[in-house]
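So you can see what is in the structure, the chains are spelled out below.
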Amino acid sequence: MSSGAIFCERLSKRYFDRSARRKFAAVADLSLSVDPREFVAVLGPSGCGKTTFLNLIAGFERPSAGRVLVDGKTIAGPGPDRGVVFQDYALFPWLDVLHNVAFGLKEAGHPSPKEHARGVLQSVGLGGIDRRYPHELSGGMRQRVALARVLAIDPPILLMDEPFAAVDLQTRAVLQRELQELWLRTRKTIVFVTHGVDEAILLADRIVVLTSAPARIKAVLTVDLDRPRDPSAPAFSRYRTKIATLLEEDAD
Amino acid sequence: MVEIPVPGLESTSTRRFRTPRWQRWISPIVILLLWQLADTLHVVNEQIVPAPSTVFLAWHEWFLGSRSALSWSSGTWLPDTLLSVRRVAIGFAIAACLGIPLGLMIGWSRKVADLAGPLVQILRPIPITAWLPFAAAIFGIRESAAIFLISFGAFFPIVVSCVSGAEQVPLTLIRAARMLGTPRHKLLWRVALPSALPFIVAGLRLGLSLSWMLVIVAEMLAVKGGLGYAMWSAYEYLRMDYVIVAMFTLAVLGTLTDRGLVLLTSRLLHWSHRPIEQHP
C-alpha cells in the first residue's frame, strides 16, 4: 500500500517561446518534499508557473531537469495513484454523473464499477444525480462530481489545480469546508494550487510561496492553527499579512 | 431614474408566441395556386412549366401505371426511386466506413496526419464531378461507377469534419482520462471518438446531402436507371412534368434521410451544446 509521499528533486521546466524565439523557464530548480497525509498549498501570483509545477507532479508534463518521486519511485507519467482535480472540472460531457465517476473504476478493471460509483456518490452527498449530465449541473456540483470521480479510484495523493476558482463565493466556502472534512476523514496527501491567500491559510498544513516565472520557492510557512480555522481571528490575520508581504516583494 | 420605454423591446414577449401550425402551409399553398393559375391563364408555356395538376397526373402514371415495354416510364417510379436510394445507401455507407476512421486518425495522430493529410489536401479541391470521366472510363456504365462517385464525393466532407473533431478534443479531458488510468493507445476510442461525435454527425449530414447530388449526376451521365436517368430521359422527351415529379421525390428523400440521420444520432448527442439542428 502506497502512502503518498512526494519528493520533487531540483525540478525545472523550460518551454520554447515561439513569439519571443527564446527559451522561457516556467519552473526553476524547485525542490520540495511533501509528507504522507500532509495538506500543502502552493501559492503564487497568476502565471507564475504553479500550474506547470502541479502538471509536473501529475506527470502531464516532463521536467526539463530533475525528477518527481512518489513513495521513492520516479514517476513516468500520469497515473491513478495521483488523482487530479482540474479548475475547469474536466468531466466527460458525453457521460452522465454515474459513468463519469465509474470511468476510472472501469479502467482499473473493478468488478462492479457502477455499484461502487453509486456508493461513492452517496458518501459525498451526491445521491440522486446519477443520471444527470455535466452541462445540467452548476459549477459547484460539477466540481463535487469531479472530486467524487477521483475519490472513486482512492488515490493516496490528490493534486488540485485552483479547483474552486471558477465557482461563486458562497459555493467556494462550502466546497472548502467539504474538502477539509474529506481530508480529515481520508487523510490523503493533498497538493493544492491556489492564488487565494485566505484559502491557503484556511486549508493547508504548510504553504509554499512561489516566486513569479520562473517558479522558485520563496518561502515555506507552517500554518500552526487549530482546525476549523477562523479567518477573522488575529492569528489568521498575521499569516495573511506575512504572506501578502512575501507576494508584494515579487510583484512588478 | 426614469424608465424609458424602448420601442421594440415591449414586443419581444409577444414575439415568443408561436405561429399556429397551419400558417406554415400558407406560403407553399399560395405558390401552388399561383403556379396553377399561371398555367390556366397561359401566362407560362405549359410545355416547359406544366401545371401542378399535370404534374400530379404524371406522378400517378409514373407510380401506378401498368409497366409495358412500349413505355419508358409507366409504373417505374418506385423501382427508379429504390435504385437511387440503393446507390446512395451503398455509396454513403462506404464513405462513412472509410471516412470516419481515417479522419479521426488524421486529426488525432501527427504521424497519420503527415502520411495521409497531404493526399487529402491535394484531392479535396478537385470538384468531385471532375472525376466523372475517370469513373466512367474505369468502371464503365455500370453500377460501380455511380457507387465510386458517391462514396468518393461523400468521403471528403466526412473526413474533413472528423479531422476537426479529433483535433478539438480538449487537452484537459485527455489528461483526466490518463490520470484515471486510460492507457495512451485507448485514448482515441475512450475520449477522442465520443468527444468528436458532434463533428462526425455534422460531416455525415454533409456527406449525405452530397450523395444525393452525386447520384443524380451519375445517373444522368454515367449509369442506367434511377431517378436521375429517368429525369434526363423525361427531359429528352420534353416531359417536364416527370422532371418535376423527380425533383419533388428528391426533396422528400433528402429531407427524410437527413431527419433519419439526425434522429438516429440524437440519442448519442443529447449532451452536446453545439447546435446540430439547423432550422431554416
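The coordinates are above.
Residues numbered from 1 in each chain as written. Chains lettered and ligands numbered in written order. Predicted model: local features only at pLDDT ≥ 70, side-chain atom pairs only at ≥ 80, totals over all residues. Heavy atoms only, no water.

Undergrad: Is there a simple way to explain the side chain of Gln176(A) in this structure?
TA: Looking at the secondary structure, you find Gln176(A) in helix α5 (residues 169-186). For Gln176(A), the contacting residues outside a window of four places in its chain are Phe164(A), Glu199(A), Leu202(A) and Leu203(A). (Helix = DSSP H or I, 4+ residues; strand = E, 2+ residues; numbered from the N terminus. Contact = heavy atoms within 4.5 Å.)

Undergrad: How should the pairing of strand β7 (residues 157-161) of chain A be read in this particular structure?
TA: Two faces, one strand: in a regular strand the side chains alternate between the faces of the sheet. Residue and element names in this part refer to chain A. With five of five residues buried, β7 lies mostly within the body of the structure. Judged by which residues are buried, β7 turns out to be covered on both faces: Ile157, Leu159 and Asp161 on one side and Leu158 and Met160 on the other are all buried. Looking at chain direction, strand β6 (residues 82-85) and β7 are connected through four bridges and run parallel. Bridge pairing in β7 places Val85 opposite Met160. Pairing of β7 with strand β8 (residues 189-194), which is carried by five bridges, proceeds in the parallel orientation. Residue pairing across strands places Ile157 opposite Thr189, the latter belonging to β8. (Buried < 20%, exposed > 50% of the residue type's maximum accessible area, 1.4 Å probe, protein only. Pairing = 2+ DSSP bridges.)

Undergrad: How should the sheet that holds strand β1 (residues 6-17) of chain A be read in this particular structure?
TA: What holds strands together in a sheet is hydrogen bonding between their backbones, with the strands either parallel or antiparallel. All names here are of chain A. Within the open sheet, the four strands sit side by side as β2-β1-β4-β5. Their pairing is antiparallel. Two strands in the sheet have a free side with no partner beyond their single neighbour: β2 (22-34) and β5 (73-74). This element, helix α1 (residues 50-58), spans β1, β2 and β4 (65-70) of the sheet and lies at about 120° to β1. (Axes fitted to C-alpha atoms, helices over the stretch in contact; angles between N-to-C directions.)

Undergrad: When you look at the side chain of Arg229(A) in this model, what are you seeing that I'm missing?
TA: All names here are of chain A. Its location among the elements puts Arg229 in the loop between β10 (217-222) and α7 (234-250). Buried and unpaired, Arg229 has no salt bridge, with Asp205 as the nearest side chain of opposite charge at 4.6 Å. Here Ile201 takes part through its backbone oxygen, which lies 2.8 Å from a polar atom of the side chain of Arg229. Within polar-contact distance, the side chain of Arg229 engages the backbone oxygen of Ala204 at 2.7 Å. In this view, Arg229 contacts Ile201, Leu202, Leu203, Ala204, Val223 and Phe236; residues no more than four positions away in its chain are not counted. (Lys, Arg positive; Asp, Glu negative; His and termini not counted. Salt bridge = Lys/Arg side-chain N within 4 Å of Asp/Glu carboxyl O. Polar contact = N/O pair within 3.5 Å; in protein donor to acceptor, adjacent residues only side chain to side chain.)

Undergrad: What is the right way to look at the interface of chain B and chain A in this model?
TA: For interface size, the figure often reported is the accessible area lost on association. Chain B puts 18 residues into the contact, and the matching count from chain A is 24 residues. For the chain B and chain A pair, buried surface summed over both sides reaches about 1,900 Å², with 70% attributable to carbon and sulfur atoms. The shortest N-O distance in the salt bridge between Glu61(A) and Arg175(B) comes to 3.8 Å. The tally of links between chain B and chain A comes to four residue pairs in polar contact (both at pLDDT 80 or more). (Buried area = accessible area lost by both parts, 1.4 Å probe.)

Undergrad: I keep staring at the state of the cysteines and nothing clicks. Help me out?
TA: In protein chemistry, a disulfide is the covalent bond that joins the sulfur atoms of two cysteines. Within the structure shown, the criterion is met by zero disulfides over all chains. Cys48(A) provides the cysteine sulfur closest to Cys8(A), a residue in no disulfide bond, and the two sulfurs are 14 Å apart. By relative accessible area, Cys8(A) is classed as buried at 1%. The thiol of Cys162(B) is not disulfide-bonded; the next cysteine sulfur, from Cys97(B), is found 12 Å away. The exposure class of Cys162(B) is buried, given its relative accessible area of 0%. (Disulfide = S-S within 2.5 Å.)

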